[in-house]
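Observations on the model geometry
Listed below, chain by chain, are the residues.
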Amino acid sequence: MTGGVRLTMFLKVQLNWNVVIPAENLDIKGLMLQKAILVRLLDDFCAKKATKDLGYLLAVTTLDKIGEGKVREHSGDVLFPVTFTCLSFKVFRGEVIEGVVHKILKHGVFMRCGPIENLYLSNQKMTDYQYQIAENPCFLNVKTGSRIEKDVTLRCIVIGVKYMEAQKEFQAVVGLEGDYLGPV
């Protein structure tokens, strides 16, 4: 990462990667070569999915520079250093986010926020809410009448974040302790 601008959970980052173009895809015409480099970069970008430092890789916004290609001796493939700008999505501890509840359990709820599928809110972190057994289980605040149920959007604070290297995914634990947190 050569530079980054923090925009809450979205990051704008400039990266330097190497793109390998197989010898059979090389063409004398410059535009076809640029297209091959861009297509390969986008394929590699999609395959990467997420990194611990940057979060989920969302989109390449600009291809800033294509360096001079270097031929690999044994294969004849050409390696091009490229500089590009991209957007990524990463949540940080202490950040207030909004997630949509997709699973209710007796001990808590699971939510989604952007590409993150596993935001967990424990029943211990929503002390004003009681689990209600019903056809559609929920957590109910008996003082205010507000409900936490499937498909409800919750504003919460991130307590901890963990990157799962093998799955290239993030998991986060969230809470409702704070002002203006809860169902939106």
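Just above sits the structure.
For clarity, every value in this text was computed on a predicted model and none was experimentally measured.

Counted by the stated rule, this structure contains eight aromatic pairs. Arranged with centres 6.1 Å apart and planes meeting at 40 degrees, the rings of Trp17 and Phe45 form a pair that is tilted. Of the two residues, Trp17 is situated in strand S2 (residues 10-21) and Phe45 in helix H1 (residues 30-48); the sequence distance between them amounts to 28 residues. Judged by its relative accessible area of 4%, Phe45 is buried. Judged by centre distance (4.8 Å) and plane angle (45 degrees), the rings of Tyr163 and Phe170 are tilted. Residue classification places Tyr163 among the buried residues on the basis of a relative accessible area of 14%. These aromatic residues form a ring-pair network of at least three members: Trp17, Phe45 and Phe84.

So, about the sheet that holds strand S11 (residues 138-141). With antiparallel pairing, the three strands of this open sheet are ordered in space as S10-S11-S12. Both edges of this open sheet fall to strand S10 (129-132) and strand S12 (147-148), since each of them pairs with a single strand only. With two bridges connecting them, S11 and S12 associate as antiparallel partners. Each bridged residue has a counterpart across the sheet, and for Phe139 the counterpart in S12 is Ile148.

Glancing now at the nonpolar core. Counting 28 residues, the largest nonpolar core has Ile97, Val109, Met111 and Ile148 as its most contacted members. Mapped onto this core, the elements with two or more residues apiece are strand S7 (96-105), strand S8 (108-113), strand S9 (116-122), strand S13 (153-164) and strand S14 (169-175). Element by element, the count of residues in this core is highest for S13, at four residues. Among the nonpolar cores identified, the runner-up in size contains 17 residues, and Leu11, Ala36, Phe45 and Phe80 belong to it.

Here the focus is unusual backbone geometry. The phi angle at Lys49 is positive, at roughly 65 degrees, despite the residue not being glycine. If you trace the backbone, Lys49 turns up in the loop between H1 and strand S3 (50-51). Even without glycine at this site, Tyr180 takes up a positive phi of about 65 degrees. Within the fold, Tyr180 resides in the loop between S14 and strand S15 (182-183). Its relative accessible area of 73% is what places Tyr180 among the exposed residues.

What follows is about the side chain of Asn141. Looking at the element boundaries, Asn141 is found in strand S11. At a separation of 3.2 Å, a polar atom in the side chain of Asn141 contacts the main-chain amide nitrogen of Thr144.

Our next topic: the pairing of S13. Where S7 meets S13, five bridges bridge the pair, whose relative direction is antiparallel. Its bridge partner lying in S13, Glu98 is registered against Arg155. When S13 meets S15, the two strands line up antiparallel, connected through two bridges. Bridged to Leu154 within S15 is Pro183.

A few words now on the pattern of salt bridges. Considering all chains together, one arrives at six salt bridges under this definition. Here Glu169 and Lys49 are joined by a salt bridge, their closest N and O atoms 3.4 Å apart. Placement of Glu169 in strand S14 and of Lys49 in the loop between H1 and S3 is noted, with a sequence separation of 120 residues between them. Its relative accessible area of 33% is what places Lys49 among the partly exposed residues. The salt bridge involving Lys143 is made with Asp128; its shortest N-O contact spans 3.9 Å. Taken as a pair, Lys143 in the loop between S11 and S12 and Asp128 in the loop between S9 and S10 lie far apart in primary sequence, 15 residues in all. Given the relative accessible area of 69%, Lys143 is considered exposed.

About the thresholds
- Residues numbered from 1 in each chain as written.
- Predicted model: local features only at pLDDT ≥ 70, side-chain atom pairs only at ≥ 80, totals over all residues.
- Heavy atoms only, no water.
- Phe/Tyr/Trp six-rings, centres within 6.5 Å; stacked < 30°, edge-to-face > 60°.
- Helix = DSSP H or I, 4+ residues; strand = E, 2+ residues; numbered from the N terminus.
- Buried < 20%, exposed > 50% of the residue type's maximum accessible area, 1.4 Å probe, protein only.
- Pairing = 2+ DSSP bridges.
- Core = buried A, V, L, I, M, F, W, Y, C linked by side-chain atoms within 4.5 Å.
- Polar contact = N/O pair within 3.5 Å; in protein donor to acceptor, adjacent residues only side chain to side chain.
- Salt bridge = Lys/Arg side-chain N within 4 Å of Asp/Glu carboxyl O.

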